[in-house]
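What the coordinates show
Below are the chains, spelled out letter by letter.
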Amino acid sequence: MTAAEFVVVANRLPVDRVVAPDGEESWRTSPGGLVAALEPVMKTVDGAWVGWAGQADLELEPFEANGIRLIPIALSEQEVEEYYEGFANDTIWPLYHDVIAPPQFHREWWEAYVAVNHRFAEAAASAVAQGGTVWVHDYQLQLVPEMVRTLRPDVTIGYFHHIPFPAHGLYAQLPWRDQVLRGLLGADVIGFQRAQDATYFLAAVRRRLQHPVKGSLVEVPGEEGSRRVLAKAFPISIDTAPYLELIQKPEVRARAAEIRKSLGDPKRILLGVDRLDYTKGIRHRIKAYGELLTEGRLSVEDVTFIQVASPSRERVDAYVHLRDEIELAVSRINGDFDTMVHTAIRYLHQGFPREEMVALYLAADVMLVTALRDGMNLVAKEYIATRADNRGVLVLSEFTGAADELRQAIRVNPHDIEGLKDAIMTAVEMEPAEQSRRMRSLRKRVLEHDVKVWSSSFLDALADVRAQRS
Ligand code: GDG
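Residues numbered from 1 in each chain as written. Predicted model: local features only at pLDDT ≥ 70, side-chain atom pairs only at ≥ 80, totals over all residues.

**Thoughts on the site of the ligand**
Around the ligand sit 19 residues, and of these H162, G351, G375, M376 and L378 come closest. Elements supplying a minimum of two residues to the shell around the ligand: β13 (268-275), β14 (303-310), α12 (354-363) and α13 (378-386). Sorting elements by how many residues they give to the shell around the ligand places α13 first, with three residues. Both domains that furnish three or more residues to the shell around the ligand are identified here as domain 1 (4-236 + 452-469) and domain 2 (241-448). (Near = placed C-beta within 6 Å. Helix = DSSP H or I, 4+ residues; strand = E, 2+ residues; numbered from the N terminus. Domains from an automatic or database assignment.)

Structural data, given as structure tokens:
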């Protein structure tokens, strides 16, 4: 196989394995924004993507799917448990999301994380062309930048961190805090969602490693003089095109109307769409809504709340408990308030095709994004993209990256249940003129700053580094 100029390294390959009823296997491109953002780049230069196919013990040769060259990384069942479900999703994820759930620290998990990061780094180092570029993604692979640099000092390396980076007081808990910082500093450019994440990272570098930091630049000492690393915010966004297309389709619009009708034609539909995750503030949202019904400020005749909670990380204990808690809360509220015609909460623990998600966005008068901590939150941006008539209200937690950009949303602190209740009431009662004033400005922001703007600004920063070097 020829070497690739541009190599993406992410935990998952951008394809899902589909097995037809006759047993025939094929690969379908997953609909994520990252693939959409990088597809044009991957097609213009000679690109490759290193990642796991999502199934344990699957050894696959490199292959091509929809014009992208894919390099699969095999993970054993034990590595899935220790590296992925363990260290990535039960150590780093809770620690970096402000310890909403207690992070578990296990030395075997760390060892698996190091070993698997090595495997990804080696695959990337052997795939990339002389003087090429490697772009590493996210918290599962924080050690890969330094590992690739050791193997291939000739390449330019970028890293993008999709989740928050914690304040130093929390980060300092990590037993392997210095190793992780060194791993990340192997990159030339380190991208974060918010300015605050970059600030926290730079503070950790200064305090733990004592490297000089000037503005967004870190001087990393090395044997052949020091190297400069840029760490700053590159807020991610969505590929707006498929949303703008779907909202024009008569069948999607008809489906939105059908959803409203099937709920007994409520005056207002409230919507939440999240992976079932403790960072998303689903419990807080349900609690606030339940109290509004109890106090008679809302009634099920007028309002229905649809909560899509797509199944996620179902083998991690914290997620099993969370599901139980949410389902208990939902059934209590429905038991107390449902009528034969109206339901208080239509709870869906299911994943849906994008067409159905867009129909839900179109049907929703109020979108509730109440995350306790979230790197960005793309759902907020997707909702905005679908509101071409400038109607609808976004209630948005200040603890999301999106809150830095979406200033015309109704801002909430989800821990403040009274404040959240008032925000829901403001959204439910908002006059059309006010909705439209806010939504117009929100749409301008999202449509002008889409995922292509994000990827090109990151890649431009990497290209600058490369130009300075040659
Ligand atoms: C991480 C960071 C950051 C959800 N359920 C269904 C479905 N989804 C789609 C949404 C959205 C995506 O999944 C979720 O993205 P978010 O940004 O909201 O949240 P995370 O999954 O936690 O993503 C986050 C992001 O990375 C990108 O950097 O913004 O902060 O945590 O696109 O629409 N899509 C379909 N069916 C579902 O049931 N089709």
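There is more to say, and it comes next.
**A closer look at the sheet that holds β14**
If you trace the six strands from one edge of the open sheet to the other, you get β15-β14-β13-β16-β17-β18, paired in parallel fashion. Two strands bound the open sheet, and with one partner strand each, they are β15 (345-348) and β18 (410-412). The sheet shows a mean angle of 20° between the axes of neighbouring strands, taken without regard to direction. Where β13 and strand β16 (residues 366-369) come together, two bridges link them in parallel fashion. Bridge pairing in β16 links L271 to M367. Against the sheet, helix α15 (residues 417-429) makes contact with β13, β14, β16, β17 (393-397) and β18, and its axis sits at roughly 165° relative to β18, the strand it touches most. (Pairing = 2+ DSSP bridges. Axes fitted to C-alpha atoms, helices over the stretch in contact; angles between N-to-C directions. Contact = placed C-beta atoms within 7 Å.)

**Examining the environment of K232**
Structurally, K232 can be placed in strand β12 (residues 227-233). For K232, a count of 19 C-beta atoms within 10 Å puts it in the partly exposed group. In this structure K232 touches A198 and S216, once residues within four positions along its chain are discounted. (Buried ≥ 20, exposed ≤ 12 C-beta atoms within 10 Å, placed from the backbone.)

**Details of unusual backbone geometry**
When glycine is set aside, most residues are seen to have a negative phi, and most peptide bonds are trans. Positive phi values are uncommon outside glycine, yet Q210 reaches one of about 60°. By the secondary structure assignment, Q210 is in the loop between α7 (195-209) and β10 (213-214). Phi is positive for D265, close to 50°, though the residue is something other than glycine. Among the structural elements, D265 can be located in the loop between α9 (250-262) and β13.

**Notes on the pairing of strand β9 (residues 189-192)**
Judged by which residues are buried, β9 turns out to be covered on both faces: V189 and G191 on one side and I190 and F192 on the other are all buried. Here strand β8 (residues 156-160) runs beside β9; their pairing, made up of three bridges, is parallel. Each bridged residue has a counterpart across the sheet, and for F160 the counterpart in β9 is G191.

**A look at the domain arrangement of the chain**
Here the chain is described as being made up of domain 1 (4-236 + 452-469) and domain 2 (241-448). Here the C-alpha centre of domain 2 lies 31 Å away from the C-alpha centre of domain 1. Counting residues at the interface gives 16 residues for domain 1, matched by 15 residues for domain 2. Per element, the largest residue contribution to the side of domain 1 that touches domain 2 is three residues, and it comes from helix α2 (residues 77-96).

**Quick look at the packing of helix α3 (residues 107-127) against helix α4 (residues 144-151)**
The packing of two helices is summarised by the inter-axis angle and the distance between the axes. Following both chains from N to C, one finds α3 and α4 inclined at 45°, their axes separated by 9 Å at the closest point. Classed by the angle they form, the pair α3 and α4 counts as oblique. Crossing hand, α3 versus α4: right-handed. Where α3 abuts α4, its residues N117, H118, F120, A121, E122, A124 and A125 lie against V144, M147, V148 and L151. Tallied by class, residues from the contact of α3 with α4 come to eight nonpolar, two polar and one charged. (Parallel < 35°, antiparallel > 145°, perpendicular 65-115°, else oblique. Left-handed = near helix turned anticlockwise from the far one by under 90°. Nonpolar A, V, L, I, M, F, W, Y, C, P; charged D, E, K, R; others polar.)

**Comments concerning helix α6 (residues 177-184)**
Along α6, the residues classified as buried are V180, L181, G183 and L184. The buried residues of α6 occupy an angular sector of 160° when the element is viewed end-on, so they sit on one face. In this structure, the buried side of α6 is in contact with α4, β8, β9 and α7. (Arc of directions from axis to C-beta.)

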